[in-house]
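Chain residues, written in single-letter form:
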Amino acid sequence: MRHLAQGIDRFQREIFPAKAGLFAHLATAHQPGTLFISCSDARVVPELITQSDPGELFVIRTAGNLVPAYTPGADGVAASIEYAVAVLGVKDVIVCGHSACGAMTALAEGHDLTGAPAIADWLRHADASQARAIAPSAGEDKVSALVRQNVAAQLTNLATHPSVARAVAEGSVRLHGWVFDIPTGTVEELHDAPQTLAA
């Protein structure tokens, strides 16, 4: 904990003063332009990867960057999606997977999760991802294939949320799938002709 306290001290002494005007504005304004859905993995830091300032990203982090398909009822992920899209009016939604994802590794390698029933239940939201990744591309390992297919499957799940479906139909929001490669720092956007974004 000491390093965290030291980090707060450094933030207050060195970082905050340089951004005091921004924080003064953010005290009364909350208008992020992007909803960024990523894995909870500590190695994936959306603001660092995108070099975004506070207030630019509305971030949801879940194990495996999983987005459960919409069902009525109390759901923290669904409520956060609805708030970002319907209330804050974000213009872009990104689902970002990453290399060496522990959740995808557990599924791809068939790890025994009987001792972690909550994790096993949560990972069922990746069933469609596993079905899509049955035949990896040439030169692609099982985990990498599943990471990529999982991003695509979670975008499909995301589109089942009424607020997202309405916004997409109206053309007021765009959906994006990314994969962050930890060792190289590159980000690949997934679409018909994948391209690598600048690191």
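These lines cover the structure that appears in this document, whether it is placed above or below.

Reading the values: the criteria
- Residues numbered from 1 in each chain as written.
- Predicted model: local features only at pLDDT ≥ 70, side-chain atom pairs only at ≥ 80, totals over all residues.
- Heavy atoms only, no water.
- Helix = DSSP H or I, 4+ residues; strand = E, 2+ residues; numbered from the N terminus.
- Contact = heavy atoms within 4.5 Å.
- Polar contact = N/O pair within 3.5 Å; in protein donor to acceptor, adjacent residues only side chain to side chain.
- Axes fitted to C-alpha atoms, helices over the stretch in contact; angles between N-to-C directions.
- Parallel < 35°, antiparallel > 145°, perpendicular 65-115°, else oblique.
- Left-handed = near helix turned anticlockwise from the far one by under 90°.
- Patch = residues over 30% accessible without salt bridge, like charges linked within 9 Å, V, L, I, M, F, W, Y side chains within 5 Å.
- Areas by Shrake-Rupley, 256 points an atom, 1.4 Å probe, with all protein chains shown as cover.
- Salt bridge = Lys/Arg side-chain N within 4 Å of Asp/Glu carboxyl O.
- Buried < 20%, exposed > 50% of the residue type's maximum accessible area, 1.4 Å probe, protein only.
- Phe/Tyr/Trp six-rings, centres within 6.5 Å; stacked < 30°, edge-to-face > 60°.

## Observations concerning the environment of R61
So, point 1. Turning to its location among the elements, R61 is positioned in strand β2 (residues 57–62).
So, point 2. Along the primary structure R61 and S40 are separated by 21 residues, whereas in three dimensions their C-alpha atoms are 4.9 Å apart.
So, point 3. Apart from residues lying up to four places away in sequence, R61 is in contact with S38, C39, S40, D41, A42, V44, V45 and P46.
So, point 4. In this structure the side chain of R61 is engaged in a polar contact, spanning 2.4 Å, whose partner is the backbone oxygen of V44.

## A word on the packing of helix α4 (residues 76–87) against helix α9 (residues 162–170)
So, point 1. Two elements in contact, α4 and α9, have axes separated by 8 Å at closest approach and are oriented at 30 degrees. Taken together, the axes of α4 and α9 are roughly parallel relative to one another. The interaxial crossing formed by α4 with α9 has left-handed handedness. Contacts between α4 and α9 pair I81, E82, V85 and A86 from the former with S163, V164 and A167 from the latter.

## Focus on a nonpolar patch on the surface
So, point 1. Side chains of F11, I15 and F16 sit close together on the surface and give an oily, nonpolar patch of about 220 Å² of accessible area.
So, point 2. Within the secondary structure, I15 sits in helix α1 (residues 2–15).

## Quick notes on the pattern of salt bridges
Once their charged atoms are close, side chains differing in charge can pair, the charge on each being opposite to the other.
So, point 1. Applying the stated criterion across every chain yields a total of eight salt bridges.
So, point 2. Between R174 and D92 there is a salt bridge; the shortest N-O distance is 2.9 Å. Of this pair, R174 sits in strand β4 (residues 174–180) while D92 sits in strand β3 (residues 92–98), placing them 82 residues apart in sequence.
So, point 3. Across the pair E188 and R148 runs a salt bridge whose closest N-O atoms are separated by 2.7 Å. Pair noted here: E188 is in strand β5 (residues 187–190) and R148 is in helix α8 (residues 142–158), with a separation of 40 residues, a long-range link.
So, point 4. Relative accessible area serves as the criterion here: at 25%, R148 is assigned to the partly exposed category.

## Some remarks on the packing of aromatic side chains
So, point 1. Under the counting rule described, the total for this entry stands at five aromatic pairs.
So, point 2. A centroid spacing of 6.0 Å and a plane angle of 80 degrees characterise the contact between F11 and F23, whose relative ring orientation is edge-to-face. Highlighted residues: F11 in helix α1 and F23 in helix α2 (residues 20–26), separated in sequence by 12 residues.
So, point 3. A residue is classified by how much of its surface remains accessible, and F11, at 33% relative accessible area, is partly exposed.
So, point 4. You can call F23 partly exposed: its relative accessible area is 25%.

By themselves, these figures tell us nothing about what the structure is for.
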